[in-house]
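Topology and contacts: notes
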Amino acid sequence: MSAILNKAHIICTEHLLDVPASLNKHNKKWQLSFVTIYCSRALFSLVKNHVSKEKAIKASPVPSHVVLTIPTENSCFKIDETTLTDVVKEKKLEKLQKIGGVNGLASSLETSLDSGLNGGAEDIAHRREAFGSNTYKKPPSKSFFYFVVEAFKDLTILILLGCAALSLSFGIKENGLKDGWYDGGSIFVAVFLVITVSAISNYRQNRQFDKLSKVSNNIQIDVIRGGRRQQISIFDIVVGDIVCLKIGDQVPADGLFLDGHSLQIDESSMTGESDHVEVNSKQNPFLISGTKVVDGYARMLVTSVGMNTTWGQMMSQLTGDNNEQTPLQVRLNKLTSAIGKVGLAVAFMVLVVLLVRYFTANTRDENGKTEFNGSSTKADDILNAVVGIVAAAVTIVVVAIPEGLPLAVTLTLAYSMKRMMADHAMVRKLSACETMGSATTICTDKTGTLTLNQMRVTKFWQGKETIVEVTSSISPFVVNLIHQGVSLNTTGGVYRGSSGSRFEFSGSPTEKAILSWAVLEMKMDMEEMKRNFTILFVEAFNSQKKKSGVLTKKKEDNTVHVHWKGAAEMILAMCSSYYDASGVLKDLNGEERMEFKKIIQGMAASSLRCIAFAHKQVAETEEEDVKEKKKLQEENMTLLGLVGIKDPCRPGVKKAVEDCQHAGVNIKMITGDNVFTARAIATECGILQPGQDVDSGAVVEGEEFRNYTPEERMEKVEKICIMARSSPFDKLLMVQCLKQKGHVVAVTGDGTNDAPALKEADIGLSMGIQGTEVAKESSDIVILDDKFVSVATVLKWGRCVYTNIQKFIQFQLTVNVAALVINFVAAISAGEVPLTAVQLLWVNLIMDTLGALALATEKPTEELMKKPPVGRTEPLITNIMWRNLLAQALYQVTVLLTLQFKGESIFGVTEAVNDTLIFNTFVLCQVFNEFNARKLEKKNVFKGIQKNKLFLGIVGMTIVLQVVMVEFLKRFAGTERLNWGQWGACIAMAAVSWPIGWIVKCIPVPKRPIFSYLKWKKRT
């Protein structure tokens, strides 16, 4: 009966859908509703007459108790988006069964459970159109206008704008529009210039972080398309895809469990529950996007993507704001606040002095007349004068507050993050950039970081013999058992398009090495093995157990077998017998066991990773026992064979290790391999010196370190160079001990179980290729190419960030000290400030934005790796910096005050020209001092300057703009034109800062921070 109804439905639909093209979308939906009702109720509509186009049917509203699912007009799938979404969201098995279970749903989505989607561009595009893409709607990025508004919120800027408005109105009233707008208008232009440059810098930095965010979210996912396992971007996943999940993966979309074993999911990101959820085909086949795989492996069918998933809806509500402040930014904000308070106090004193001098008739105008004459002075003149005095005081505050410091940090972090991406390091947390510069110890993995992670089997031992020709030298019975152990106990895969094409292997590098050896040298047919056996239970590999096991049933005779694969010593400890090359079963007594241990140690000493296979046939009742205990048998196994896997050291790793050691950074290798393999690789990489031995405490095993007393651990932890056979807990323990000893610790990790150590470390470095999503989320920086060389590069960039910021602080504080002293002394003694509001704003622009851009973008040099690491408690402003900045500030103050009081007589010029000389000399002093700031300790400040085109460009632009300010913007800047001799004098006075800088660097300074002598405990 249902078949007849379906046929009726199809035929009726074909005829009734022939509706006028002119119908709008709303009427078309009603037409579809009518078709659904009509075809399901009327069998007699099998008549093949076309429904007349002239008979437009107006469907009456559907009764409230009837629910219709209307397919989208462009969808040819037998199931709609809403049904798919609800199946996983509601987690109701009954609802899943109603649509035919997982098999029925796959059929409706036209997905093959074995070979996945066909992978054609047209099919993928059609699925995206029907069910959406795997992307999330995010709030729009902040516009440029937003940053302009933020810049306007600065209180000092608002006060200056108020002063400019008053000055403009008084000037126009006093001198008319033609001549009266200059003073107020100049301040307006200068303020808007500062705001614009600040907004542009912040806008560009925000765009940079948005781009990095997109890169960090672009996770690679394993899918099956066209029968082939391949990696695609998480954004390219579509409904109907078959996704392969393993430990540490993030579930990329909502879906249903197809097959797999021991799958445990962490749903805490969605539900807040810390308990892991078991997912299987019977009780709970539902997988939610955004959750993490903590154990086992599986294949899933994608049912919802993007905004149709719970995770998508949650992600769309996140603002995406990155308000994270790094520790250095916090310290700089405190420093800015402290300097700002000093500036405010100076400005207030200047304000009081100038107001007192004005109202006591001690100030004169340009013509030499007294400005204030009691009641005879006009109210407008008084207000105008007061506004000018307030503007001068406020401008001093603007110059005094080094708001460029946070900007410099932002610029240097944004710049270094961009350049680090080119050097294969993606920064996830800003603070890691600067913290990495202080690292004293790096705890690194071996596989893939120090080595190439290009593994291949180079040795095979069967019994106590090394085998060269595998298939001809070994008993077929043993070969078959090894085939079972390799093909059934693996998370990898083998793909071959046609009989003549090459094999493609997928999985971890170790899995791929074993699979390629078994297929190419042992002639294993993986598909045949999977057809002949049923997998009953799996104990998945993780870094804690260092082994994986599988319980299988042979379909031919229903015999049940246990297979184990893993670290050779651990598998050997489980065995009580072994097969020799002839297939003869022999007992594994104490003497024989020692011989096998020597074989394992010999392979390990040759830098080989040693993997063993073991087997045991068990009773059929074992299946029920395993399901109950969730644990496979581990006793009285039979050793099948040992393989040695070669993973050569990466080129350049020895040099990178030496560079780190010369920079005062200790390198410790923490690996799951045995002591002999670890020692061989560490010696090859330069971590362990040939003279160092086990007795010196340089090499320990994880268990030994774990069993030390807390006191012993603290005593020995710094001597350890290698920790072999370590668990993730051992790595965490070592990080905690090193931090307690005062070290700044960086840790590399790739596995899910490395997450605690990555979080505990000062800098967590996860691996971009081998790393799981759990590890990446727990880390601060992702090493995209998994190389230790890139770790050393990150260390260099970290030091560069810290040094660049110190350079800018020295440069900025020199200007702050000089400007404050000059204005304060001049105001107290002469009753006026030599630098106008516009001139001070121009100096502020040179310092804060252009100076930050020039000094914050210096590239790392080899010199950085020759200095010891910066300690946790070392002050931001060192004794060397105080020496440099105080010397320069003292020189600038001396020269400018000399010009202030004696300039007119020395140069024989008017007061207006003298003020221009002061302004010009002050700006040029900053330009020359910018060169001095490039090197904090080195005398040659020009070394490598030709490589920094941006620095030279900014200096050149500053000089050109200064010439324009002095020579062409007389009314705007309040300057007078200077002749060639006066320009030469300004340049000569400014250039003296170079020899002063050279001489000052000859003066030694104590290592102990200067303020510690004064017992000044407050940190900068």
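Residues numbered from 1 in each chain as written. Predicted model: local features only at pLDDT ≥ 70, side-chain atom pairs only at ≥ 80, totals over all residues. Heavy atoms only, no water.

Thoughts on the overall build of the protein
- When its secondary structure is counted, the protein shows 38 helices and 26 strands.
- Among the 1020 residues that make up the protein, the fraction classed as buried is 52%.
- For the protein, restricting intrachain contacts to residue pairs at least 6 apart in sequence, the fraction spanning at least 24 positions comes to 73%.
- Summed over all atoms, the accessible surface of the protein reaches about 46500 Å², with 56% contributed by carbon and sulfur. (Helix = DSSP H or I, 4+ residues; strand = E, 2+ residues; numbered from the N terminus. Buried < 20%, exposed > 50% of the residue type's maximum accessible area, 1.4 Å probe, protein only. Contact = heavy atoms within 4.5 Å. Areas by Shrake-Rupley, 256 points an atom, 1.4 Å probe, with all protein chains shown as cover.)

Observations regarding the side chain of asparagine 948
- By secondary structure assignment, the location of asparagine 948 is in the loop between α33 (911-932) and α34 (949-967).
- Classification of asparagine 948 by relative accessible area gives buried; the value is 8%.
- Polar side-chain contacts of asparagine 948 include one of 3.4 Å to the side chain of glutamate 858.
- Beyond its immediate chain neighbours, meaning those up to four positions away, asparagine 948 contacts Ala854, Thr857 and Glu858. (Polar contact = N/O pair within 3.5 Å; in protein donor to acceptor, adjacent residues only side chain to side chain.)

A few points about the packing of aromatic side chains
- Enumeration over the complete set of coordinates arrives at twelve aromatic pairs.
- Ring plane angle 50 degrees and centroid distance 6.0 Å describe the contact between phenylalanine 931 and phenylalanine 942, whose orientation is recorded as tilted. Of the two residues, phenylalanine 931 sits in helix α33 while phenylalanine 942 sits in the loop between α33 and α34, which places them eleven residues apart along the sequence.
- Members of the aromatic cluster, joined through ring pairs, are Phe928, Phe931, Phe942, Phe951 and Trp994.
- Above the plane of the ring of tryptophan 564 lies lysine 547, whose end atom (NZ or CZ) is 5.3 Å from the centre. (Phe/Tyr/Trp six-rings, centres within 6.5 Å; stacked < 30°, edge-to-face > 60°. Lys NZ or Arg CZ within 6 Å of the ring centre and 35° of its normal.)

With respect to the pattern of salt bridges
- Taken as a whole and assessed by the stated rule, the structure comprises 28 salt bridges.
- Residue glutamate 634 pairs with lysine 631 through a salt bridge whose shortest N-O separation is 3.2 Å.
- The exposure class assigned to lysine 631 is partly exposed, which follows from its relative accessible area of 46%.
- Among the salt bridges present, the one from lysine 655 reaches aspartate 659, with a minimum N-O distance of 3.1 Å. Of this pair, lysine 655 and aspartate 659 both sit in helix α23 (residues 653-662), four residues apart, roughly one helical turn.
- Residue classification places aspartate 659 among the partly exposed residues on the basis of a relative accessible area of 21%.
- One network of salt bridges, with partners in common, ties together Lys446, Arg609 and Asp673. (Salt bridge = Lys/Arg side-chain N within 4 Å of Asp/Glu carboxyl O.)

Here's the deal with the nonpolar core
- Counting 66 residues, the largest nonpolar core has Met436, Ile442, Ile687, Ile763, Ile781, Phe788 and Ile809 as its most contacted members.
- For this core, the element with the highest residue contribution is helix α30 (residues 788-830), accounting for twelve residues.
- Aside from chain neighbours lying at most four places away, what touches isoleucine 763 is Ala432, Thr435, Met436, Ala439, Val744, Val745, Ala746, Val747, Asp780 and Ile781.
- In terms of nonpolar packing, the next biggest core, distinct from the first, is built from 55 residues, Ala347, Ile396, Leu899 and Val1000 among them. (Core = buried A, V, L, I, M, F, W, Y, C linked by side-chain atoms within 4.5 Å.)

As for helix α32 (residues 879-907)
- Residue phenylalanine 901 marks the point of greatest curvature in α32, where the axis turns by about 65 degrees.
- Immediately beyond the C-terminal end of α32, within one or two residues, lies glycine 908, with a positive phi of roughly 65 degrees. (Bend = angle between axes of the 7 residues up to and from the residue.)

Points about unusual backbone geometry
- Even without being glycine, glutamate 110 reaches a positive phi, approximately 60 degrees.
- Phi at histidine 424 is positive, roughly 70 degrees, even though this residue is not glycine.
- For histidine 424, the location among the structural elements is in the loop between α14 (404-422) and β8 (425-427).
- Accessibility expressed as a relative area gives 40% for histidine 424, which makes it partly exposed.

Things to note about helix α21 (residues 590-605)
- The end-to-end C-alpha separation of α21 is 22 Å, in line with the 22 Å expected for 16 residues at 1.5 Å each.
- Taken as a whole, α21 has its buried residues at Glu592, Phe596, Ile599, Ile600, Met603 and Ala604. Buried residues of α21, viewed axially, fall in a sector of 135 degrees; they line one side. Opposite the buried face of α21, at more than 90 degrees from it, the exposed residues are Gly590, Glu591, Lys598 and Ala605.
- Capping of α21 at its N-terminal end is provided by asparagine 589; its side-chain oxygen lies 3.3 Å from the backbone amide nitrogen of glutamate 591.
- Looking at the residues trailing α21, positive phi occurs at serine 607, about 65 degrees. (Expected span 1.5 Å × (residues − 1). Arc of directions from axis to C-beta.)

Looking at empty space enclosed by the protein
- Scanning the entire structure with this criterion turns up two cavities of 30 Å³ or more.
- Tyr297, Leu488, Asn489, Thr490, Thr491, Glu511, Val538, Ala540, Phe541, Ser548 and Val550 are the residues that line the largest cavity.
- A class-by-class count of the residues in the lining of the largest cavity yields six nonpolar, four polar and one charged.
- The computed volume of the second largest cavity comes to approximately 50 Å³.
- Taken together, Gln810, Asn884, Ala887, Gln888, Asn932, Gly997, Val1000 and Lys1001 make up the lining of the second largest cavity.
- Elements that contribute at least two residues to the lining of the second largest cavity include exactly α32 and α37 (993-1000).
- A total of three residues in the lining of the second largest cavity trace back to one element, the largest contributor, which is α32.
- For the lining of the second largest cavity, the per-class residue count stands at two nonpolar, five polar and one charged. (1 Å grid on protein atoms, 1.4 Å probe; cavity = no way out; pocket = protein on both sides within 12 Å on 5 of 7 lines; lining within 4 Å. Points joined across faces, edges and corners; volume = space filled by probe spheres on them. Nonpolar A, V, L, I, M, F, W, Y, C, P; charged D, E, K, R; others polar.)

Taken by themselves, the reported measurements are silent on function.
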